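# An overview of the molecular structure
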Amino acid sequence: MRIATWNVNSITARLPRVLAWLEGSGTDVLCLQETKCTDEQFPREALRELGYDSAVLADGRWNGVAVVSRVGLDDVAPGLPADPGYDGRTEPRAIAATCGPVRVRSVYVPNGREVGHPHYAYKLGWLEALREAVAEDAAGERPFAVLGDYNVAPTDEDVWDRSLFEGATHVTGEERAALAALRGTGLTDVVPRPLKYDHPYTYWDYRQLCFPKNRGMRIDLVYGNAAFAAGVADAYVDREERKGKGASDHAPVVVDLDV
DNA sequence: ATGCCCTATCGCATAGGA
């Protein structure tokens, strides 16, 4: 079973690539982030023609998550029970579903903007709400994973130049402690292999030739419970999908699971 | 080392991304 996560930076702008990639990669379950569309705009029909069902949580131009599956899509759970919201509004950043033998949760963690910004406190609060929401599945016997754009680089090895991130979000002790607490529910970081170079980066800024220079970050993560981690046969970052015109700034992370 | 920001919006700049 092939499971993947991909921040597509607009499902509308990325649709031709997403459809071609699904067909070419043979992915069974795809967790999407930053769909940047309304519920009505989500391309359910185009995906259905390829044999995929979609569970969508989206409300407009920002954020938006989905689970796309051709092996079943049941017990859909949008949002987080304890979501703190931002500026008085709850944002579409999490959705869970059961796809055959596996349960997945697609997440788009808030960016945080700057340390000390209200969005940064929101990011930490949201991660705590995520921890509460996944604790039961994480401790369970069924294979389960939280996949998505965490907007946190777990270690200094996960950014291309640590010195450039001094005082910035994505690398702080608080953010990393929040990830550690999340792992404390019983989840393991399924680190993918890079298809090139030494680090499995998943994001490269559009600007300043970051991708050709491999100035990237590993911020798209797969956190699996014990049953999930035990089934991992392979995991890799499909950097080919970051190339060329019309690419997202994130590459898909792919996991092959024996279940 | 496959290319020098991109996306969405009642746009004619701006917010957000990280």
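Calculation criteria
Residues numbered from 1 in each chain as written. Chains lettered and ligands numbered in written order. Predicted model: local features only at pLDDT ≥ 70, side-chain atom pairs only at ≥ 80, totals over all residues. Heavy atoms only, no water. UniProt positions renumbered as here; feature names shortened; annotations may be inferred. Helix = DSSP H or I, 4+ residues; strand = E, 2+ residues; numbered from the N terminus. Rg over C-alpha atoms; globule rule 2.2 N^0.38 Å. Buried < 20%, exposed > 50% of the residue type's maximum accessible area, 1.4 Å probe, protein only. Contact = heavy atoms within 4.5 Å. Areas by Shrake-Rupley, 256 points an atom, 1.4 Å probe, with all protein chains shown as cover. Lys, Arg positive; Asp, Glu negative; His and termini not counted. Charge placed at Lys NZ, Arg CZ, Asp CG, Glu CD. Near = heavy atom within 4 Å. Polar contact = N/O pair within 3.5 Å; in protein donor to acceptor, adjacent residues only side chain to side chain. Axes fitted to C-alpha atoms, helices over the stretch in contact; angles between N-to-C directions. Parallel < 35°, antiparallel > 145°, perpendicular 65-115°, else oblique. Nonpolar A, V, L, I, M, F, W, Y, C, P; charged D, E, K, R; others polar. Pairing = 2+ DSSP bridges. Core = buried A, V, L, I, M, F, W, Y, C linked by side-chain atoms within 4.5 Å.

Per an unreviewed UniProt entry, chain A carries the name Exodeoxyribonuclease III and comes from Streptomyces zingiberis. Quoted verbatim from the Sequence similarities (unreviewed entry) field of the UniProt record, the comment on chain A reads "Belongs to the DNA repair enzymes AP/ExoA family." Regarding chain A, the UniProt comment filed under Cofactor (unreviewed entry) reads as follows: "Mg(2+)".

### What about the overall build of chain A?
Tallying secondary structure elements over chain A gives five helices and 15 strands in all. Taking 259 residues into account, the globule formula puts the C-alpha radius of gyration at 18 Å, and chain A, at 17 Å, falls close to it. Dimensions along the principal axes, computed over C-alpha positions, put chain A at roughly 45 × 40 × 35 Å. With 259 residues in all, chain A has 57% of them scored as buried. Contacts in chain A between residues at least 24 apart in sequence constitute 70% of all its contacts with a sequence separation of at least 6. By element, 48% of the accessible surface of chain A is carried by carbon and sulfur atoms, the whole surface being about 10800 Å². One way to put it: in chain A the 29 positive side-chain charges average out to a point 6 Å from where the 39 negative ones average out.

### As for the protein's contact with DNA strand B
Around DNA strand B, the surrounding shell holds 30 residues, and the nearest of these are Ser10, Arg61, His170, Pro212 and Gly244. Here serine 10 contributes a side-chain N or O atom positioned 2.4 Å from a phosphate oxygen of DNA strand B. Glycine 244 is positioned such that a nitrogen or oxygen atom in its backbone is 2.6 Å from a phosphate oxygen of DNA strand B. The element that contributes the greatest number of residues to the surface near DNA strand B is helix 1 (residues 11–25), accounting for three residues.

### With respect to the packing of helix 3 (residues 118–139) against helix 4 (residues 173–183)
Where helix 3 contacts helix 4, the two axes come as close as 9 Å, and the packing angle between them is 5°. It follows from the interaxial angle that helix 3 and helix 4 lie roughly parallel. Mapping the contact onto sequence places Tyr120, Lys123, Leu124, Leu127, Leu130, Arg131 and Val134 in helix 3 and Glu174, Glu175, Ala178, Leu179, Ala181 and Leu182 in helix 4. Residues that form the contact of helix 3 with helix 4 fall into these classes: nine nonpolar, no polar and four charged.

### Here's the deal with unusual backbone geometry
Unlike most non-glycine residues, aspartate 87 shows phi in positive territory, near 55°. Inspection of the secondary structure assignment puts aspartate 87 in the loop between strand 5 (74–78) and strand 6 (94–99). Residue aspartate 87 is classed as exposed on the basis of its relative accessible area, which comes to 72%. Phi angles above zero are rare outside glycine, and glutamine 208 is one such case at about 60°. With respect to the helices, strands and loops of the structure, glutamine 208 is situated in the loop between strand 11 (203–204) and strand 12 (216–217). Judged by relative accessible area, which is 66%, glutamine 208 ranks as exposed.

### Some words on the sheet that holds strand 13 (residues 220–224)
With respect to topology, six strands assemble into an open sheet ordered 5-6-7-8-13-9, the strand pairing being mixed. Either end of the sheet is taken by a strand with one partner, and the two such strands are strand 5 and strand 9 (188–189). Bridging between strand 7 (residues 102–108) and strand 8 (residues 144–149) involves six bridges; their strand directions are parallel. Directly across from arginine 103, in strand 8, lies its bridge partner phenylalanine 144. Across the sheet, helix 3 is in contact with strand 6, strand 7 and strand 8; its angle to strand 7 comes to roughly 175°.

### Some words on the nonpolar core
Core analysis: the biggest nonpolar cluster contains 28 residues, and Ile3, Val67, Val104, Leu147, Trp204, Val222 and Phe228 have the highest contact counts within it. Those elements that provide at least two residues to this core are strand 2 (29–33), strand 4 (65–69), strand 6, strand 7, strand 8, strand 14 (232–237) and strand 15 (253–257). What valine 222 contacts, discounting residues up to four positions off in sequence, is Thr5, Ala145, Val146, Leu147, Thr188, Asp189, Val190, Phe228, Val253 and Val255. Tyr122, Val134, Leu179 and Leu182 belong to the second-largest nonpolar core, a separate cluster that totals 23 residues.

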